[in-house]
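Listed below are the residues making up each chain.
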Amino acid sequence: MEVGQMQRRLVDYTKSLFMEGFLDGQFSQLQQLQDESNPDFVVEVVSLFFDDSEKLLNDLAIALDQPNVDFKRVDAHVHQLKGSSSSIGAQRVKNACIAFCNFCKQHNIESCLRCLQQVKQEFYLVKNKLETLFRLEQQIVGAGGSIPVMEMGF
Amino acid sequence: MVLGKGASSSLSKKMVDGAEEMVNNNNFTALVVDDDPLIRVLHDMYLRKFGLKAQVVENGKMAVDLFHVGATFNLILMDKEMPVMDGAEATKQLRAMGVNSMIVGVTSRDLSFEKEAFMEAGLDLCFEKPLTPEKISFILQELNKNNNN
């Protein structure tokens, strides 16, 4: 595949992530922070998000599995995940966290467990999507092309 | 205080008139206090893009300890929930020490009473995460006003 085609494929794929709500304008802000002196900034930050989130999801599963659930701890973990997901623009993860927070306040274990599954699902979806995005970028750079700058118009 | 998320094109367009000149002329320093490494990296980068020199620490106690050994910062971005010492306690201790840096709370908590409780600890401003160029421009404008008074 020639570079121009790869670039068009990347643009279309990126647009689809925004249109489907996986990403919001905060991800565009992240891309604008990347420059020649920090060429891997987006990958670095998103990798931190992946690592953070896997740990938090694991901690949440453990917290909700206790005989006496500490909802304050559950709530703290969910808020941390909400903060990091909103900071990188992972909109659907953030929205799933917002719903989760509400059920934490109600001390509803069953609903919290359902929310945890929803958050996990959204997290692994966006992880997969972003890994695909980064692979497409690497293919373009590997072929000697440059990553097109996209104005997402938020 | 909550600002709208706003549209985004380039960072330079988001710098409110005067913010860039103010940062270039004053060599402001900033401290990022957050237990989340992602947030530390992100806020550090935002501040550097706006021309501030930033240091990062991972909890409130480390922030307080820095001031105890004589460090000074014009601006502190303080997370609310951190292990060892949270943002509210760290803010109270810093104010009790006589620290008059601008302290801006940054939290994932969105309920007004939660933000108000954080403000009462001694913050100048409090924003919901995520920080955006618009919020940072606003903070720098306020910092400049304080600096001129």
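A brief structural summary. (Residues numbered from 1 in each chain as written. Chains lettered and ligands numbered in written order. Predicted model: local features only at pLDDT ≥ 70, side-chain atom pairs only at ≥ 80, totals over all residues. Heavy atoms only, no water.)

### Some thoughts on the overall build of chain B
The cut-off we apply is this: Numbering of helices and strands runs from the N terminus; a helix is a DSSP stretch of H or I covering at least four residues, while a strand is a stretch of E covering at least two. Exposure is judged per residue with a 1.4 Å probe applied to protein chains only, and the accessible area is read against the type maximum: over 50% gives exposed, under 20% gives buried, and values in between give partly exposed. In these tables, accessible area is a Shrake-Rupley quantity obtained with a 1.4 Å probe, and a residue counts as shielded only by the protein chains included in the view.
Counting its regular elements, chain B contains seven helices and five strands. Across chain B, helices and strands are ordered from the amino to the carboxyl terminus as α-α-β-α-β-α-β-α-β-α-β-α. Burial status across chain B gives 53% buried among its 149 residues. If you sum the accessible surface of chain B, you get close to 6500 Å²; carbon and sulfur atoms cover 47% of it.

### Focus: the nonpolar core
What counts is decided by this rule: Within this scheme, the nonpolar core is defined by two criteria: the residues are buried Ala, Val, Leu, Ile, Met, Phe, Trp, Tyr or Cys, and they are joined through side-chain atoms within 4.5 Å. We call two residues in contact whenever any of their non-hydrogen atoms come within 4.5 Å of each other.
In terms of nonpolar packing, the biggest core is built from 70 residues, with F49(A), F100(A), L130(A) and L75(B) touching the most fellow members. Excluding residues within four positions of it along the chain, L75(B) makes contact with T29(B), A30(B), L31(B), L47(B), L52(B), M102(B), V104(B), I139(B) and L143(B). Counting residues in hydrophobic clusters, the runner-up holds 21 residues, among them L31(B), V57(B), M78(B) and C126(B).

### Examining the pattern of salt bridges
In plain terms, the rule: A side-chain nitrogen of Lys or Arg and a carboxyl oxygen of Asp or Glu constitute a salt bridge if their distance falls within 4 Å.
Applying the stated criterion across every chain, the model contains 13 salt bridges over all chains. Taking the shortest distance from any N to any O, the salt bridge between E122(A) and R92(A) comes out at 3.0 Å. With E122(A) in helix α6 (residues 109-142) and R92(A) in helix α5 (residues 91-105), this residue pair connects regions lying 30 residues apart in the sequence. The exposure class of E122(A) is buried, given its relative accessible area of 7%. Residue D65(B) pairs with K61(B) through a salt bridge whose shortest N-O separation is 2.9 Å. In this pair, D65(B) and K61(B) both sit in helix α4 (residues 60-68), four residues apart, roughly one turn of the helix. For D65(B), a relative accessible area of 31% gives the class partly exposed. Put simply, E54(A), K127(A) and E131(A) are held in one network by salt bridges that share partners.

### With respect to the packing of aromatic side chains
All names here are of chain A. Note the cut-off: Put simply, two rings from Phe, Tyr or Trp (the six-membered ring, in Trp's case) pair if the centres are within 6.5 Å, and we call them stacked under 30 degrees between planes, edge-to-face over 60, tilted for the rest. In this analysis the charged atom, NZ for Lys or CZ for Arg, is taken to sit over a ring once it is within 6 Å of the ring centre and within 35 degrees of the ring normal.
Counted according to the given criterion, the structure contains seven aromatic pairs over all chains. Residues F49 and F123 carry aromatic rings whose centres are separated by 5.8 Å and whose planes lie at 70° to one another, so their mutual orientation is edge-to-face. A residue pair is termed long-range when its members are at least 10 positions apart, and F49 in helix α3 (residues 41-64) and F123 in helix α6 qualify at 74 residues. For F49, a relative accessible area of 0% translates into the label buried. Note on F123 and Y124: the rings are 4.9 Å apart at their centroids and 70° apart in plane angle, and the pair reads as edge-to-face. Judged by its relative accessible area of 1%, F123 falls in the buried class. Exposure remark for Y124: the relative accessible area of 40% places this residue in the partly exposed category. Positioned above the aromatic ring of F22 is the side chain of R92, whose terminal nitrogen or guanidinium carbon lies 3.9 Å from the ring centre.

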